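Chain residues, written in single-letter form:
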Amino acid sequence: MGGRDGWWRGKSTPAKIETYTRWSFHTFPFIEVATFALPAFGYVPAPVNWILFLLVSAHAVLATVTASLTLDWTRGRRRLPVRLLWALGTATVVIAVVSLVVALHGPRGADNGAAAATVFVGVLSFGIGTLALAVRETRRMVYGVLGTALGAGAVAVPAGVPATGAAVAAGAVVLAAGFFTFTSAFSVWLLNAVYELDEARETRARLAVAEERLRFGRDLHDVMGRNLAVVALKSELAVQLARRGRPEAVEQMIEVQRIARETQREVREVVRGYREADLRTELAGAQGVLTAAGIDCEVSGPVTGLPAEIQSALGWVVREATTNVLRHGDAGRCAVSLRVVEGRVTLTVENDGAPGTGTGSGTGTGPAAAEPGRGSGLAGLRERLREVGGVLRAGPAGGDLFRLTAEVPLPPASVPEPAPAPAPGGSPPPVPHPVSEVTP
């Protein structure tokens, strides 16, 4: 049981929808045989009942194979099985007509009317419903259902069915074939929609990374471009002055040296701003991004009063954890909490979309995060936390939960002192204002 749960939970949402869709079509042969073939044994004598049973069973198996291969075509994994579709269409018509003739004109013909109607309508309905998987236009699906119903009525009358019975059979084909056609069309639409949404989420994540790279490139260009242009001009002027033996060349080179050092300082500030993150901003951004992705995100805990270096380290943890929830997980809920207890600040990011086993040596908050050697996200977080004396733990927390915890010790000056106890009989000391919290 655990193995099957792990196999299912390890799939992405689109893969789950596809698996469910395929197995739904795999159950259709059992439904077709149980509904339309087995009842024939109750009121049709042998060997006619066995003929009906074998014909319907063969049609059910052929329809299932055709449905499976056609679903692969809808996902672009193989060519459209044209020959198999023609074989199914031909088999549907032949088996329906043969079943009708055998049931009507076989032994105890008067009692075989129910079997004729049941098998005839069932085979046509399942056949046209399966063939609808290969049709992309709704109009053609409707034409296929109506054409099948008219054809059923046209065939039933020459076979010996009264006009009223033929009309009833045509109406039953419209209802049953229309239902199975709608089921097939909706299944394909839902499957394609889920895959498109997943691709859109991947594209959004890649665009966010590309936008951040462009921002960093623009900042670096603004710093380096101007200063390097000045360095080039100053160097050229110093060369000209040196060739003329002018002492001002030394002053120009001193100015070049000053500009180079200033450029180094500005580049370090750009890189530091890129690597550091404001905790409040990251928490608010994480909640907004996850909520936009359809993930219920709850953020709680105080963020003011923490040293800047600790806020930067924890802000990066929030940024990396949020990214991995979007990329690797299939979460429906994510909780981010911040607690300050006994001189230590603890940040916990927990989501319910990353099942699996592992030791927490991966790169984030998903199944891939629990596998060793997958990326460098977790290593980067540990490096940042190590600079402030913190530790990082990540791994499954039971069931569908995955938990990432970062603990950082507060400097002694940052630990709030406990409030003094009130004197006997005196008024209690003033209560300080509570630390502001991030509201979800």
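Everything here concerns the structure above.
Residues numbered from 1 in each chain as written. Predicted model: local features only at pLDDT ≥ 70, side-chain atom pairs only at ≥ 80, totals over all residues. Heavy atoms only, no water.

**Some words on the packing of aromatic side chains**
Point 1. In this structure the tally under the stated criterion is 9 aromatic pairs.
Point 2. On the basis of an interplanar angle of 65 degrees and a centroid distance of 5.2 Å, the ring pair of Phe-25 and Phe-28 is categorised as edge-to-face. A residue pair is termed a helical-turn pair when its members lie 3 or 4 positions apart in one helix, as Phe-25 and Phe-28 do in helix H2 (residues 13-37) at 3 residues.
Point 3. A relative accessible area of 5% means that Phe-25 is categorised as buried.
Point 4. Judged by relative accessible area, Phe-28 falls into the buried class, the value being 17%.
Point 5. Between Phe-28 and Phe-126, the ring centres sit 5.9 Å apart and the planes meet at 80 degrees, which makes this aromatic pair edge-to-face. Residue Phe-28 is found in helix H2, and its partner Phe-126 is found in helix H6 (residues 113-131); the two are separated by 98 residues along the sequence. The same class applies to Phe-28 and to Phe-126, which are both buried. (Phe/Tyr/Trp six-rings, centres within 6.5 Å; stacked < 30°, edge-to-face > 60°. Helix = DSSP H or I, 4+ residues; strand = E, 2+ residues; numbered from the N terminus. Buried < 20%, exposed > 50% of the residue type's maximum accessible area, 1.4 Å probe, protein only.)

**With respect to helix H4 (residues 48-74)**
Point 1. Its 27 residues give H4 an end-to-end C-alpha distance of 39 Å, which sits within 8% of 39 Å, the value for a rise of 1.5 Å per residue.
Point 2. Looking one or two residues beyond H4, the residue adopting positive phi is Gly-76, at roughly 75 degrees. (Expected span 1.5 Å × (residues − 1).)

**Here's the deal with the side chain of Thr-66**
Point 1. Within the secondary structure, Thr-66 is located in helix H4.
Point 2. Here Thr-66 falls in the buried class, since its relative accessible area comes to 0%.
Point 3. Among all residues touching Thr-66, those that are not within four sequence positions of it are Leu-84, Leu-85, Leu-88 and Thr-130. (Contact = heavy atoms within 4.5 Å.)

**Considerations on the sheet that holds strand S5 (residues 402-409)**
Point 1. Spatially, S1-S2-S3-S5-S4 is the arrangement adopted by the 5 strands of the open sheet, whose pairing is mixed. Looking at strand neighbours, the two that pair on one side only are strand S1 (296-300) and strand S4 (391-396), the edges of this open sheet. Averaged over all neighbouring strand pairs, the angle between strand axes comes to 10 degrees, with direction disregarded.
Point 2. One ladder, built from 6 bridges, connects S4 with S5; its direction is antiparallel. Across the sheet, the residue bridging to Leu-392 is Ala-406, located in S5. (Pairing = 2+ DSSP bridges. Axes fitted to C-alpha atoms, helices over the stretch in contact; angles between N-to-C directions.)

**Some details on the nonpolar core**
Point 1. Residues Leu-279, Leu-314, Leu-338, Val-345, Leu-347 and Leu-385 are the most contacted members of the largest nonpolar core, which totals 36 residues.
Point 2. Among the secondary structure elements, those contributing two or more residues to this core are helix H10 (279-292), S1, helix H11 (308-328), strand S2 (333-341), strand S3 (344-351), helix H12 (377-387), S4 and S5.
Point 3. In terms of residues, this core owes the most to one element, H11, which gives 9 residues.
Point 4. Apart from residues no more than four positions distant in its own chain, Leu-385 is found in contact with Ala-313, Leu-314, Val-317, Gly-390, Val-391, Leu-392, Ala-406 and Val-408.
Point 5. Ranked by size, the runner-up nonpolar core spans 26 residues in total, among them Ala-40, Ala-96, Val-121 and Val-173. (Core = buried A, V, L, I, M, F, W, Y, C linked by side-chain atoms within 4.5 Å.)

**With respect to the environment of Leu-71**
Point 1. By the element assignment, Leu-71 lies in helix H4.
Point 2. Leu-71 gets classed as buried once you look at its relative accessible area, which sits at 3%.
Point 3. Here the alpha-carbon distance between Leu-71 and Glu-18, two residues 53 residues apart in the chain, equals 9.1 Å.
Point 4. Once residues within four sequence positions are removed from consideration, Leu-71 is found in contact with Thr-21, Arg-22, Phe-25, Leu-133 and Val-188.

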